[in-house]
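Results of the structural survey
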Amino acid sequence: SKVVTDVTCPFCGTLCDDLEITVSDDGKEIIDCQNACAIGSEKFLHVRKEGRVTRPRKRQPDGSYKEISYDEAIEYTAQMLAKAKKTLWYGWASTSCEAMAIGHKVAEKAGTIVDNCATVCHGSSLLAIQDVGVPSCTLGEVKNRADRIVFWGCNPAHAHPRHMSRYSIFPRGFFTTKGHKGRKIICVDCRYTDTAKCADEFIQVEQGYDYELLDAFRTVARGQPIPDVVGGVPKEKIISAVNTLKEGRFGVIFFGMGLTHTLGRNHNIDIAINLTRDLNDFTKFSIIAMRGHWNVTGSGQVLSWQYGFPYCVDLTRRTHARYNPGETSSVDLLRRKEVDACICIASDIGAHFPIEATRHMAQIPSVCIDPHINLTTEISDVHIPVALVGVEVEGCAYRMDNVPIACRKVVEPPEGMLTDEELLEKVYDRLCEIMGDA
Ligand code: SF4
């Protein structure tokens, strides 16, 4: 066996890049996975899980699936794209930026809508950032400089298990030689999470009152009076927390879906960013979104550099891209039954979308491109399995702090299996043949 070092984990937005993977001499089997958390190891150790689908499958009229060739699956996808009036192409979070660029070439040719998982997670953060900008930093700066950490509406102990040990709570850095002992951790949440257990101070906000509480933090930071209780939190606790933040040398606010998906949504992020700005009058402060799926940040980056918008990109006019979340967002398009074909790539509509949206996907021609069987593959007309990016194919992905990281290939994919890039290139070629110069 041999050990592959400096491997990047392709599971969550932390993109830990210190994994050591032991593989068999023939380069086909993964024997051991060191340094990853439980969910990261699972992704590596179960690559060759029994029952893995290695060839495309087509749904039959009786609901069963029949194996088809890659050529047949490519033909179905290209014909579907050519015939549909309006196709939704959703997902992208678990594939590489290189594959995204090729997929967008196909989407431009077919005139589809391209949307990613931000539409159901940090889309509201992107809206706020477009409105007011974002004073941010890298996770490396957090590790080396930050002595004040706020977790607001996020629970990295479960969602990003090594975030706290690599960057935010425990590690010793250049200016943070005392590690955990030199940091003050504040956790704001409506429930007592496992992350809250690691915090010096837990502030329990009443569900739906994050905006009011953030507003109170700003008011206190500016030295103005606030009511006795805000969002269920006593005034004294708010004043004490704000003083803790102001007294630090370098602070960071990490926020998650507890803030983006509660009452106020993008306005919550807007005011959290403005609180960060206010705190910069006293010390250095940054704010970072806890992006969940591995390369969801990369999808926003690739879409932005190609079309100027990070999600909900409407390419149906072909001459130019349009962007209007609420109108061009996946859930809304599916719920309003506005699309007549759907492709889900490297994500899971069935697991994440409301039932009415999922139901419409099940009723229209659809393709799911994903290495594994998931809830979406089971409602799609065609399931095309592909090699696992970051395990069986190399590629670039963006960490939650917008730092691009090269991901290594560790083992060979099953024989004859296509990668996302190979598959999408073939779909593009076939689409060009069908559509000509249209
Ligand atoms: Fe992988 Fe995230 Fe765990 Fe790091 S924290 S090993 S990136 S799942």
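Residues numbered from 1 in each chain as written. Predicted model: local features only at pLDDT ≥ 70, side-chain atom pairs only at ≥ 80, totals over all residues. Heavy atoms only, no water.

For the pair helix 4 (residues 123-132) and helix 12 (residues 266-279), the least separation of the axes is 8 Å and the interaxial angle reads 50 degrees. When the interaxial angle is binned, helix 4 and helix 12 end up oblique. Once helix 4 is placed against helix 12, the crossing between them reads as right-handed. Here helix 4 contributes Ser124, Ser125, Leu127, Ala128, Ile129, Asp131 and Val132 to the contact with helix 12, which in turn contributes Asn266, Ile269, Asp270, Ile273, Asn274 and Arg277. (Axes fitted to C-alpha atoms, helices over the stretch in contact; angles between N-to-C directions. Helix = DSSP H or I, 4+ residues; strand = E, 2+ residues; numbered from the N terminus. Parallel < 35°, antiparallel > 145°, perpendicular 65-115°, else oblique. Left-handed = near helix turned anticlockwise from the far one by under 90°. Contact = heavy atoms within 4.5 Å.)

Ordered in space as 5-4-19-18-17-6-7-15-16, the 9 strands form an open sheet in which the pairing is mixed. Single-partner strands in this sheet number two, and they are strand 5 (65-67) and strand 16 (322-323). Sheet topology note: the strand 4 (residues 57-59)/strand 19 (residues 382-384) ladder contains 2 bridges and is antiparallel. From the neighbouring strand, lysine 58 faces strand 19, where its bridge partner is valine 382. (Pairing = 2+ DSSP bridges.)

With that settled, consider the domain arrangement of the protein chain. According to the domain assignment, the protein chain contains domain 1 (57-121 + 294-389 + 415-435) and domain 2 (124-289). Relative placement of domain 1 and domain 2: their C-alpha centres are 35 Å apart. Facing 7 residues of domain 1, the contacting portion of domain 2 comprises 7 residues. Taken together, the two surfaces of domain 1 and domain 2 that pack against each other cover about 550 Å², and 56% of this comes from carbon and sulfur. For the domain 1 face of the interface with domain 2, the top three residues by lost area are Cys121, Pro310 and Tyr311, together amounting to 59%. (Domains from an automatic or database assignment. Buried area = accessible area lost by both parts, 1.4 Å probe.)

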